[in-house]
Amino acid sequence: MDWSIIDVVSWVLIIIGGFSVIAGAIGVLRFPDVYTRMHAASITDTLGAGTIIVGLILQAGLTLVSAKLFLILIFIFFTSPTSSFALAHAALSSGIKPILDNDLLKDD
Amino acid sequence: MHSLSLGVVLFGVWLILSGHYTPLIISLGIVSCGIIVAIMQRMDLIDHEGHPIHLTWGAFSYIPWLIKEIIKANIDVLRLILHPSLKVTPTLLRVKTSQQSDLGKVIYANSITLTPGTISIDVAKGEILVHALTKSGAEDLLKGEMDQRVTKMVGEGK
Amino acid sequence: MIYSAATAALLVTMVLALIRAIKGPSIYDRIVAVNMFGTKIVLMIAVLGFLMGRPDFTDIALVYALINFVGTIAVLKVFKYGDLGRAHDDEEPL
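Computed from a predicted structure; not experimentally measured.

Moving on to the overall build of chain B. A count of helical and extended segments in chain B gives 6 helices and 3 strands. Counting from the amino terminus, helix and strand elements in chain B follow one another as α-α-α-β-α-β-β-α-α. Compactness check: chain B gives a C-alpha radius of gyration of 20 Å against a globular reference of 15 Å for 158 residues, more than 25% above the reference. Taking the principal axes of its C-alpha atoms as reference, chain B extends roughly 65 × 35 × 25 Å. A burial count over chain B gives 40% of its 158 residues as buried. Put simply, 68% of the contacts in chain B that link residues at least 6 apart link residues at least 24 apart. As presented, chain B carries roughly 8,800 Å² of accessible surface, and 66% of it is formed by carbon and sulfur atoms. Charge separation in chain B, taken as the distance between the mean sites of 14 positive and 13 negative side-chain charges, equals 5 Å.

We now examine the domain arrangement of chain B. Per the domain assignment, the segments making up chain B are domain 1 (2-42) and domain 2 (55-156). Put simply, the middle of domain 1 of chain B and the middle of domain 2 of chain B, counted by C-alpha atoms, are 35 Å apart.

Next up on the list: the pattern of salt bridges. Between side chains of opposite charge, a pair can form when the charged atoms approach closely. Overall, the coordinates contain 6 salt bridges over all chains when judged by the stated rule. One salt bridge in this structure joins D29 of chain C and R37 of chain A, with 2.3 Å as the shortest N-O distance. Here R37 of chain A lies in helix 2 (residues 34-60) and D29 of chain C lies in helix 2 (residues 27-51), a pairing that spans two chains. For the pair D29 of chain C and R37 of chain A, a shared accessibility class is recorded, and that class is buried. Between K68 of chain A and D59 of chain C there is a salt bridge, and its shortest N-O distance comes to 3.1 Å. Highlighted residues: K68 of chain A in helix 3 (residues 64-93) and D59 of chain C in helix 3 (residues 57-81), drawn from two different chains. Residue classification places K68 of chain A among the buried positions, given a relative accessible area of 9%. Owing to a relative accessible area of 30%, D59 of chain C belongs among the partly exposed residues under this scheme.

So, on to the environment of G49 of chain C. Checked against the element boundaries, G49 of chain C lands in helix 2. Sequence separation of G49 of chain C and L16 of chain C is 33 residues, and the distance between their C-alpha atoms is 23 Å.

This next bit is on the interface of chain B and chain A. Taken together, the 39 residues of chain B in the interface contact 40 residues of chain A. Between chain B and chain A, the buried area comes to about 3,400 Å², and carbon and sulfur atoms account for 74% of it. On the chain B side of the contact with chain A, I81, L92 and I121 of chain B bury the most area, a combined 19% of that side's loss. Counting across the interface, chain B meets chain A through 0 salt bridges. Taken together, the links from chain B to chain A amount to 5 residue pairs in polar contact (both at pLDDT 80 or more). At the level of secondary structure, the elements contributing two or more residues to the side of chain B that touches chain A comprise helix 1 (2-18), helix 3 (56-82), strand 1 (91-96), helix 4 (102-114), strand 2 (118-124), strand 3 (127-132) and helix 5 (135-143) of chain B.

Another aspect to go through is the packing of aromatic side chains. All names here are of chain C. Here the structure, examined in full by the defined rule, presents 3 aromatic pairs over all chains. When the ring of Y3 is compared with that of F50, the centres are 5.8 Å apart and the planes differ by 50°; the resulting orientation is tilted. In this pair, Y3 sits in helix 1 (residues 2-23) while F50 sits in helix 2, placing the two residues 47 residues apart along the sequence. Assessed through its relative accessible area of 14%, Y3 is described here as buried. A residue is classified by how much of its surface remains accessible, and F50, at 12% relative accessible area, is buried.

In terms of nonpolar packing, the biggest core is built from 32 residues, with M38 and L87 of chain A together with Y28 of chain C touching the most fellow members. The element contributing the most residues to this core is helix 2 of chain A, with 7 residues. Those residues in contact with M38 of chain A, other than ones at most four positions away along the chain, are S84, L87 and A88 of chain A, I119 of chain B together with V32 of chain C. One finds I52, I72 and I76 of chain A together with I2 of chain C within the second-largest nonpolar core, a separate group that totals 31 residues.

Turning our attention to the pairing of strand 3 of chain B. Residues and elements named next belong to chain B. Counting buried positions along strand 3 yields 5 of 6 residues, so the element is predominantly enclosed. Summarising the sheet, strand 1 and strand 3 pair through 6 bridges and their orientation is antiparallel. The partner of T91 across the bridge, within strand 3, is A132. Two elements, strand 2 and strand 3, share 6 bridges in a ladder whose sense is antiparallel. Each residue of the ladder has a partner; that of I119, found in strand 3, is H131.

Turning next to the interface of chain A and chain C. With 44 residues of chain A in contact, the opposing surface of chain C contributes 39 residues. Interface area, chain A with chain C, both sides summed: about 3,600 Å², of which 81% is carbon and sulfur. Seen at the junction of chain A and chain C, the total is 8 residue pairs in polar contact (both at pLDDT 80 or more). Of all the secondary structure elements, the ones that give two or more residues to the side of chain A that touches chain C are helix 1 (5-30), helix 2 and helix 3 of chain A. A total of 17 residues in the side of chain A that touches chain C trace back to one element, the largest contributor, which is helix 3 of chain A. For the side of chain A that touches chain C, a count of residues per class yields 29 nonpolar, 11 polar and 4 charged.

About the thresholds
- Residues numbered from 1 in each chain as written.
- Chains lettered and ligands numbered in written order.
- Predicted model: local features only at pLDDT ≥ 70, side-chain atom pairs only at ≥ 80, totals over all residues.
- Heavy atoms only, no water.
- Helix = DSSP H or I, 4+ residues; strand = E, 2+ residues; numbered from the N terminus.
- Rg over C-alpha atoms; globule rule 2.2 N^0.38 Å.
- Buried < 20%, exposed > 50% of the residue type's maximum accessible area, 1.4 Å probe, protein only.
- Contact = heavy atoms within 4.5 Å.
- Areas by Shrake-Rupley, 256 points an atom, 1.4 Å probe, with all protein chains shown as cover.
- Lys, Arg positive; Asp, Glu negative; His and termini not counted.
- Charge placed at Lys NZ, Arg CZ, Asp CG, Glu CD.
- Domains from an automatic or database assignment.
- Salt bridge = Lys/Arg side-chain N within 4 Å of Asp/Glu carboxyl O.
- Buried area = accessible area lost by both parts, 1.4 Å probe.
- Polar contact = N/O pair within 3.5 Å; in protein donor to acceptor, adjacent residues only side chain to side chain.
- Phe/Tyr/Trp six-rings, centres within 6.5 Å; stacked < 30°, edge-to-face > 60°.
- Core = buried A, V, L, I, M, F, W, Y, C linked by side-chain atoms within 4.5 Å.
- Pairing = 2+ DSSP bridges.
- Nonpolar A, V, L, I, M, F, W, Y, C, P; charged D, E, K, R; others polar.

Written as structure tokens, this is what we have:
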């Protein structure tokens, strides 16, 4: 079994992706309130999804499948901040106060 | 100009998604792209905001920088999650925006949210309310490098 | 082999997200968890396509990504206004 360099790179990327996805899920379980959980969920949307899909693109080579995977990647990168902004905005306007360590609002 | 580039982009997406390349099906694809462009012209949706081609060259230098920032921020947040002794210090802050157009503000707010560790919660006139996971992340944002880069990208093409 | 490992990682993540969705004290915790769950499904469909040697599955993943986004926004709108039909652009800034 001969391993080309592209295979190794894509495997490393997929493993990083799987690891960061699990870490993000642990963060979603560990963090104390909605807003901090959203940060953990955004890890799985950016680093996890990005590395896994780039790894799959490297495996697929220059085909139609890799172009579609690239479209999925672009789509996730456009919609993930939009939906987390909508979530955070809705949570704040429904009166859930974030747990704060210190408040910079007064400073400036 | 905008209609033409929109048509080309639509047709490119169609080519990627379809996968059937016989003359009949390709001509049907061209016709449907043309119909969509015509409908969008009637709805008056084709402008520099709905289809920002003037940002293309700026985006080529902005997106790699953004990806680099995202990876750096990801590593920070991953360390926070997996290291049991590091505590989160959630912070709420207001960031000044120097962009004038709505498009620039949207790009800036989305870039803030896309970077893990900071989420934009509310966009008001001239400032964005941001929730940051740590105090150091908030201080990085207050330095305003991302703000300058977005302003440069939006402003260059005009 | 590597695809199986990725699928297992995604499954573990989905179980953890489900735990948060069941436990979550507020409705927004649940929506965060379900949104994350949806993104993981998109990734898992893509990985499963490669695992089974049928990369055509990426079409389904693309459609699921679209539905997941629209679904999250729709659920948020229902819980915020109790109605899907009206347009709300008269809300006061926070």
